[in-house]
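Chain by chain, the residues run as shown.
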Amino acid sequence: MTAPTLTPAARPTAPAALRAEHLSRIYPSGDGQVQALAPFTHTFPPGLTAVVGPSGSGKSTLLNLLAGFDTPTTGHVLIGDTDLTALDEAARADVRLAHYGFVFQNHNLVSILTAQENVEFPLTLAGMPPRERQARARELLAQVGLEQRGGHLPSQLSGGEAQRVAIARALARDPGILLADEPTGNLDTRTGERILTLLQQSAGAGRTVVLITHDPDIAALADQRLHVRDGVVTPD
Ligand SMILES: Nc1ncnc2c1ncn2[C@@H]1O[C@H](COP(=O)(O)OP(=O)(O)OP(=O)(O)O)[C@@H](O)[C@H]1O
Ligand SMILES: [Mg+2]
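Residues numbered from 1 in each chain as written. Chains lettered and ligands numbered in written order. Predicted model: local features only at pLDDT ≥ 70, side-chain atom pairs only at ≥ 80, totals over all residues. Heavy atoms only, no water.

Draft legend 1. Structural view of the overall build of the protein chain. Along the backbone of the protein chain there are seven helices and ten strands. Taking 18 Å as the expected radius of gyration for a compact globule of 236 residues, we find that the protein chain reaches 17 Å, a close match to that expectation. Along the first, second and third principal axes, the C-alpha set of the protein chain runs to 50 × 35 × 35 Å. For the protein chain, with 236 residues in total, the buried portion stands at 50%. Considering only contacts within the protein chain whose residues lie at least 6 apart along the sequence, 72% involve residues at least 24 apart. (Helix = DSSP H or I, 4+ residues; strand = E, 2+ residues; numbered from the N terminus. Rg over C-alpha atoms; globule rule 2.2 N^0.38 Å. Buried < 20%, exposed > 50% of the residue type's maximum accessible area, 1.4 Å probe, protein only. Contact = heavy atoms within 4.5 Å.)

Draft legend 2. Quick peek at unusual backbone geometry. Despite not being glycine, H22 shows a phi value in the positive range, around 50°. On the basis of relative accessibility, which here comes to 54%, the residue H22 falls in the exposed class. One non-glycine residue, D230, adopts positive backbone phi at about 50°. Tracing the sequence through the fold places D230 in the loop between β9 (224–229) and β10 (232–235). The exposed category is assigned to D230, whose relative accessible area is 66%.

Draft legend 3. Representation of the packing of helix α4 (residues 130–143) against helix α5 (residues 159–171) in the model. In the contact formed by α4 and α5, the axes pass within 9 Å of each other and the chain directions differ by 135°. Relative to α5, α4 is oriented oblique. The two elements α4 and α5 meet at a crossing, and its hand is right-handed. Residues R136, L140 and L141 of α4 pack against V165, A168 and L171 of α5. Looking at side-chain class alone, the contact of α4 with α5 contains five nonpolar, no polar and one charged residues. (Axes fitted to C-alpha atoms, helices over the stretch in contact; angles between N-to-C directions. Parallel < 35°, antiparallel > 145°, perpendicular 65-115°, else oblique. Left-handed = near helix turned anticlockwise from the far one by under 90°. Nonpolar A, V, L, I, M, F, W, Y, C, P; charged D, E, K, R; others polar.)

Draft legend 4. Representation of the nonpolar core in the model. In this structure, V165, I167 and L199 are the most contacted members of the largest nonpolar core, which totals 35 residues. The leading source of residues in this core is α5, at seven residues. With residues near it in sequence (within four places) discarded, V165 still touches L109, A115, N118, V119, L141, L146 and L157. Residues L63, F102, I212 and V228 belong to the second largest nonpolar core, which totals 25 residues. (Core = buried A, V, L, I, M, F, W, Y, C linked by side-chain atoms within 4.5 Å.)

Draft legend 5. Here's a closer look at the packing of aromatic side chains. This model, assessed by the stated rule, comprises four aromatic pairs. Here the aromatic rings of Y100 and F102 are separated by 5.5 Å at their centres, their planes lie at 5°, and the arrangement is stacked. Residue classification places Y100 among the buried positions, given a relative accessible area of 6%. Look at F102 and F104: their rings are 6.1 Å apart centre to centre, the planes differ by 10°, and that puts the pair in the stacked class. According to the relative accessible area criterion, F104 is partly exposed, its value standing at 25%. Ring pairing ties together the aromatic residues F69, Y100, F102 and F104, which thus form one cluster. (Phe/Tyr/Trp six-rings, centres within 6.5 Å; stacked < 30°, edge-to-face > 60°.)

Draft legend 6. Representation of the site of ligand 1 in the model. The environment of ligand 1 is formed by Y27, P28, A36, P54, S55, G56, S57, G58, K59, S60 and T61. S57 has a polar backbone atom sitting 3.2 Å from an oxygen atom of ligand 1. Contact with the protein chains covers 58% of the free accessible surface of ligand 1, which is 640 Å². Those elements giving two or more residues to the shell around ligand 1 turn out to be β1 (18–29) and α1 (59–67). (Near = heavy atom within 4 Å. Polar contact = N/O pair within 3.5 Å; in protein donor to acceptor, adjacent residues only side chain to side chain. Areas by Shrake-Rupley, 256 points an atom, 1.4 Å probe, with all protein chains shown as cover.)

Draft legend 7. Structural detail: the packing of α5 against helix α6 (residues 189–204). Contact pair α5 / α6: the axes reach a minimum separation of 10 Å and the direction vectors enclose 10°. When the axes of α5 and α6 are compared, the pair comes out roughly parallel. Counted together, G160, Q163, R164, I167 and L171 of α5 and T191, R194, I195, L198, L199 and S202 of α6 form the full contact between these two elements. Partitioned by chemical class, the residues of the contact of α5 with α6 number five nonpolar, four polar and two charged.

Draft legend 8. Structural context of the confidence of the model for the protein chain. With 93% of its residues at a pLDDT of 70 or more, the protein chain shows a mean pLDDT of 90. Confidence, read as mean pLDDT per element, is least for α6 in the protein chain (88) and greatest for β9 (97). Across residues 7–13 the pLDDT falls below 50, and counting only partners more than four positions away or on other chains, this stretch makes 18 contacts in the model. (pLDDT = per-residue confidence, 0-100.)

The structure is reproduced here in C-alpha cells:
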C-alpha cells in the first residue's frame, strides 16, 4: 500500500500565521474553578506541530480556543492581523471557512452523504458550481487514496478510510491552517501512521498543522512539539 501524495493543487492559497497571546481558559467546576489552560503565548510556524499530553491536561481546550469554538478567559488568537477573539460568532465562522480545516477523533462525516458528497459539502457552501466541485472532490479523494470509494456512505467505510475522507474534506477549501484533535486515536498503528503521513504532506505544502495526540511516538514525528501538563504548555 503506497502512501497517497498530495499534489501542488492541494497547496493552500493564503497561509496565515496563527498566534496565541496570553491565551488562558478557566472553567467553572462545582463551587470552584479549573484552570484548563494557563496563560500561553506562541506563534505556530508553518509545518506540523504536535500538542502532546495526558488525558485531561488541556489539549482540546487549547485547540477549541485556537479554532474560536470557545472563548478564552484571557488573551487573544490572531490569524495574521485578524483577532479572532474580538469577532462575533458570524465573523468567526467566516474566518474559519476561509482559513481553517478541521479533523476530529470521530470523523464527523455526514452519515446520509456519500464520501464524494461529504468532500463536496464545504465547496457547496462556498458556492462552487457542481461540475467544478465534483472534479475537485474526486481529485481530493484520489490524493488520500480513495478514488474507488466516492460512492460509499460513511457506514460502508473502515475507520481509517472515513478519517481519510475527513482529511480530504478538511483540505477542500485549501485552508492555511489545519487543526486535528486525536485523528489517529481510534485507529491501529499502521492506519494511524498513514493519517500522519497525510498530515505531514499537508504541512509540507506550507500549511500550519496542529495535531493533538496523547501518543509520544506520533508526536516525535512532528516538526515541533508542545507539551501540555495540568494546563501548562511548554515547547520542546
Ligand atoms: N466545558 C468544560 N467545563 C468544565 N470543565 C471542562 C470543560 N472542558 C474541559 N474541562 C476540564 O478542563 C480540563 C482539560 O480538558 P481537555 O478536554 O482540554 O483535556 P484533553 O487534554 O483534551 O484530554 P483528552 O486527552 O482526554 O481528550 C479537564 O480537567 C476537563 O475536565
Ligand atoms: Mg481532548
